[in-house]
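So you can see what is in the structure, the chains are spelled out below.
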Amino acid sequence: MDAENTRPENAEENGGGGISRKTLLKAALVAVPAAPLLVGRATAPASAVTDGPLPLTPACDDGDAPTIEQIEGPYFKPGSPLRTSLAGPGTPGVPLTVSGYVFGRSCRPIAGALLDFWQADNNGAYDNTGYTFRGHQFSDAQGAFRLTTIVPGLYPGRTRHIHVKVQAPNGPVLTTQLYFPGEPRNNTDTIYNPALLMTVRTVGSGREATFDFVLNVAAPSPSPTPTITPPPNGGGTWKAGTNYRAGDQVTYGDVTYRCIQAHTAYAGWEPPNVPALWQRV
Ligand SMILES: [Fe+2]
């Protein structure tokens, strides 16, 4: 095993030392009426709400370091489906949701960030021929994401974990892993890092986990609000703002790519940068 991360500090906001700036920002975000998905999910203190929305300043002074990187491991597979749910009612395993936000170093939420998840099934096996328990999604306008899946099974040599790649528009790819508290193997897994622990609670027969990513970007990219244009007929040059469908072909840098998942192209989502979306022909 290649343990490459040793930083033990968890920069998440959940200690008894007060409320972090990031928490307040989240409270302001969930107070926005246009975010129905988030209403009722936040646990922001009342004071954070009654003080009114917090101004989103470029400075971030609560010590939130960028989320640390971890090894990709041998089971990443490009071209995952665009979907937020990797499991359904009949999927064996303990139901799990993972939700949170994608922030930049400035503590501002990042909209349109690409999150590509992959994990083992209930028996600890990866699907290396298909795309079971693989999927990517984009953070919404508030920087929020939500994954529906199951608690991954254990496999030899590792503690329980979920793999993910997170990328802001125009930003570098963060490859990391998320962990579950209270797992016995957390003590022996040489890759495990407590800074990547999710907050997990039991709800009914399932689990609800939260984790916020902090990407190493100085400021969020401009709000990705492209003017939607139809895809070119028979190909053309890749262009931000175009609404591509699976099967569309484009050229970029004299290379031809085929769209493998329908999406709206943002600056930063150039085909070489988003293997979840584009396949080189
Ligand atoms: Fe793994």
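Scroll up for the structure.
Now for a quick tour of the structure.

Procedures and definitions
- Residues numbered from 1 in each chain as written.
- Predicted model: local features only at pLDDT ≥ 70, side-chain atom pairs only at ≥ 80, totals over all residues.
- Pairing = 2+ DSSP bridges.
- Helix = DSSP H or I, 4+ residues; strand = E, 2+ residues; numbered from the N terminus.
- Axes fitted to C-alpha atoms, helices over the stretch in contact; angles between N-to-C directions.
- Contact = placed C-beta atoms within 7 Å.
- Buried ≥ 20, exposed ≤ 12 C-beta atoms within 10 Å, placed from the backbone.
- Core = buried A, V, L, I, M, F, W, Y, C linked by C-beta atoms within 7 Å.
- Domains from an automatic or database assignment.

### With respect to the sheet that holds strand β6 (residues 173-179)
One open sheet holds the 4 strands; their spatial order is β3-β2-β5-β6, and the pairing between them is antiparallel. For this open sheet the edge positions go to β3 (134-138) and β6, each flanked by a neighbour on one side alone. Across the sheet, the mean angle from the axis of one strand to that of its neighbour is 20 degrees, orientation sign disregarded. Two strands pair when backbone bridges link them, and strand β5 (residues 161-167) and β6 are joined in this way by 7 bridges, in the antiparallel orientation. Bridging across to β6, lysine 165 finds its partner in threonine 175.

### Side note on the sheet that holds strand β12 (residues 255-259)
With antiparallel pairing, the 3 strands of this open sheet are ordered in space as β11-β12-β14. What marks the edges here is a single partner per strand, and that holds for β11 (249-252) and β14 (278-280). Pairwise comparison of adjacent strand axes, ignoring direction, gives a mean angle of 40 degrees for this sheet. Pairing analysis gives 4 bridges linking β11 to β12, with the strands arranged antiparallel. Looking across to β12, one finds that glutamine 249 is bridged to arginine 258.

### With respect to the environment of alanine 113
One can find alanine 113 in the loop between β1 (95-104) and β2 (114-118). Put simply, alanine 113 and phenylalanine 145 are 32 residues apart on the chain and 9.1 Å apart in space, counted from C-alpha to C-alpha. Once residues lying within four places of it in the same chain are set aside, the contact partners of alanine 113 are Val102, Phe138, Ser139, Val166, Gln167 and Ala168.

### Description of the pairing of β2
Of all 5 residues that make up β2, 5 are buried, and the element is covered over most of its length. Note that β2 and β3 share 5 bridges and pair antiparallel. Bridge pairing in β3 places aspartate 116 opposite histidine 136. In this sheet, β5 lies alongside β2 in antiparallel orientation, the contact comprising 5 bridges. Along β5, the bridge assignment pairs leucine 115 with valine 166.

### Here's the deal with the nonpolar core
Nonpolar side chains in soluble globular proteins generally cluster together in the buried interior. Membership of the largest hydrophobic core comes to 54 residues, with the highest contact counts inside it found for Val102, Ala113, Val166, Phe213 and Leu215. Looking at this core, the elements that each hand over two or more residues are β1, β2, β4 (144-150), β5, β6, β9 (213-215) and β12. Per-element accounting of this core gives the leading share, 5 residues, to β1. Two domains each provide a minimum of three residues to this core, namely domain 1 (21-215) and domain 2 (226-281).

### Brief notes about unusual backbone geometry
A positive phi is found at asparagine 170, a non-glycine position, where the angle reads about 70 degrees. Tracing the sequence through the fold places asparagine 170 in the loop between β5 and β6. In this structure asparagine 170 comes out as partly exposed when scored by C-beta crowding, with 16 C-beta atoms within 10 Å. Positive phi values are uncommon outside glycine, yet aspartate 254 reaches one of about 65 degrees. Within the secondary structure, aspartate 254 is located in the loop between β11 and β12.

### Considerations on the environment of alanine 65
Assignment of secondary structure puts alanine 65 in the loop between α2 (46-50) and β1. Residue alanine 65 is classed as partly exposed on the basis of its C-beta count, with 13 C-beta atoms lying within 10 Å. A sequence separation of 39 residues divides alanine 65 from glycine 104, and the C-alpha atoms of the two residues are 9.7 Å apart.

Read these as geometric descriptors, not functional statements.
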